[in-house]
Amino acid sequence: ITGMRAAFAQLTGTLLNSLATESRRKVAEDLSARAQVSIDIVVRNLFERSADIGFFATDAVLAQYLAHPEDADRAAMEQHLQAYASKYTVYRNIVLFDTRAQCQARLRYGDHTPDQTSAADQAFLNRVVANAGTYVQDYAMHGFCDPARPTLVYAQSVSTPQGVSGVLCLEFDLHDEAQALFTSLLNEGSGANDGARPVLALVDPAGVVLESSDAL
């Protein structure tokens, strides 16, 4: 009887270990699949933004406005930017600069002085001008967007036959896009993992969480 009990206990332990291993494998596969889908969607969305900035920066209305901004109607230009934002709702802000790094039109105004740029912002805009004809993608602190946190900006020079007339900056709404993505993926997996709710997050190479489905 003692021998049978020992054998049964060993068999029970083997079965439980097998069940635990299989359960962990399924959870790992589920999380891996969700992570891969998240990556694929984010990469696709960011690639589409590179097409947007290339298209917006060739708008003749922007070039004409920047040629003589002192004589133009800034309110009308900002309504023009608002029309962009209404069609492409992924942008939190749109800012138009001249070649002196002075803001000539913007979609949103913050608490900072909107028409002044910091030394870091000027260096960024100069880099965009130096890369005339190609877009620059930059996730960093941008005072002309939100000086309190890093923002993802796509920028490209606005060119005319006479040369570069300014820079167009699009601030991608990374937070809202990430939350919409996380919500969609979590709802698709509802009921999986015996009710356990996973946490999805975008993390940079240094281990800093950029966006997460869990505020804590």
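Right above here is the structure, for reference.
This one's a predicted model, so the numbers in the text were calculated from it and none came from an experiment.

Here is what the cut-offs are and how they apply
Residues numbered from 1 in each chain as written. Predicted model: local features only at pLDDT ≥ 70, side-chain atom pairs only at ≥ 80, totals over all residues. Heavy atoms only, no water. 1 Å grid on protein atoms, 1.4 Å probe; cavity = no way out; pocket = protein on both sides within 12 Å on 5 of 7 lines; lining within 4 Å. Points joined across faces, edges and corners; volume = space filled by probe spheres on them. Helix = DSSP H or I, 4+ residues; strand = E, 2+ residues; numbered from the N terminus. Salt bridge = Lys/Arg side-chain N within 4 Å of Asp/Glu carboxyl O. Buried < 20%, exposed > 50% of the residue type's maximum accessible area, 1.4 Å probe, protein only. Axes fitted to C-alpha atoms, helices over the stretch in contact; angles between N-to-C directions. Parallel < 35°, antiparallel > 145°, perpendicular 65-115°, else oblique. Left-handed = near helix turned anticlockwise from the far one by under 90°. Contact = heavy atoms within 4.5 Å. Nonpolar A, V, L, I, M, F, W, Y, C, P; charged D, E, K, R; others polar. Pairing = 2+ DSSP bridges. Disulfide = S-S within 2.5 Å.

J.: Quick rundown of the layout of surface pockets? Include the residues and the values.
T.: Empty space within the largest pocket amounts to approximately 220 Å³. Forming the boundary of the largest pocket are Ile39, Val42, Val43, Leu46, Gln137, Tyr139, Leu152, Leu174, Leu202, Val203 and Leu210. Looking at the lining of the largest pocket element by element, the count peaks at four residues for helix H1 (residues 2–56).

J.: Could you give an account of the pattern of salt bridges, with specific residues and numbers?
T.: Going through the model one piece at a time under the given rule, you end up with ten salt bridges. Here Arg49 ties to Asp52 by a salt bridge, and the two come within 3.1 Å at their closest N and O atoms. Within this pair, Arg49 and its partner Asp52 are both found in helix H1, separated by three residues, close to a single helical turn. With relative accessibility at 9%, the residue Asp52 sits in the buried group. When salt bridges that share partners are traced, they join Glu22, Arg25 and Glu29 into one network.

J.: If you had to explain the packing of helix H2 (residues 60–67) against helix H3 (residues 74–87) to someone new, which residues and values would you point to?
T.: Between H2 and H3, the least distance of the axes is 11 Å, while the angle of their chain directions is 155°. Judged by the angle between their axes, H2 and H3 are roughly antiparallel. Note that H2 runs across H3; the crossing there is left-handed. Residues Val61, Leu62 and Tyr65 of H2 form the contact with H3, whose participating residues are Arg74, Met77, His80, Leu81 and Tyr84. Of the residues belonging to the contact of H2 with H3, the class tally is six nonpolar, one polar and one charged.

J.: Explain the pairing of strand E7 (residues 209–212) residue by residue, including any values.
T.: For a regular strand, the rule is simple: side chains alternate between the two faces of the sheet. Summarising the sheet, strand E6 (residues 201–203) and E7 pair through three bridges and their orientation is antiparallel. Opposite Ala201, over in E7, you have Ser212 as the bridge partner.

J.: Tell me about the state of the cysteines, and name the residues and values.
T.: What we call a disulfide is simply a covalent bond connecting the sulfur atoms of a pair of cysteines. According to the stated counting rule, one finds zero disulfides in the structure shown. The thiol of Cys103 is unpaired, and the distance to the nearest cysteine sulfur, on Cys169, comes to 9.3 Å. Note on Cys103: relative accessible area 3%, which makes it buried. Just so you know, Cys169 is unpaired, no disulfide at all, and the nearest cysteine sulfur is the one on Cys145, 6.9 Å from it. The exposure class of Cys169 is buried, given its relative accessible area of 1%.

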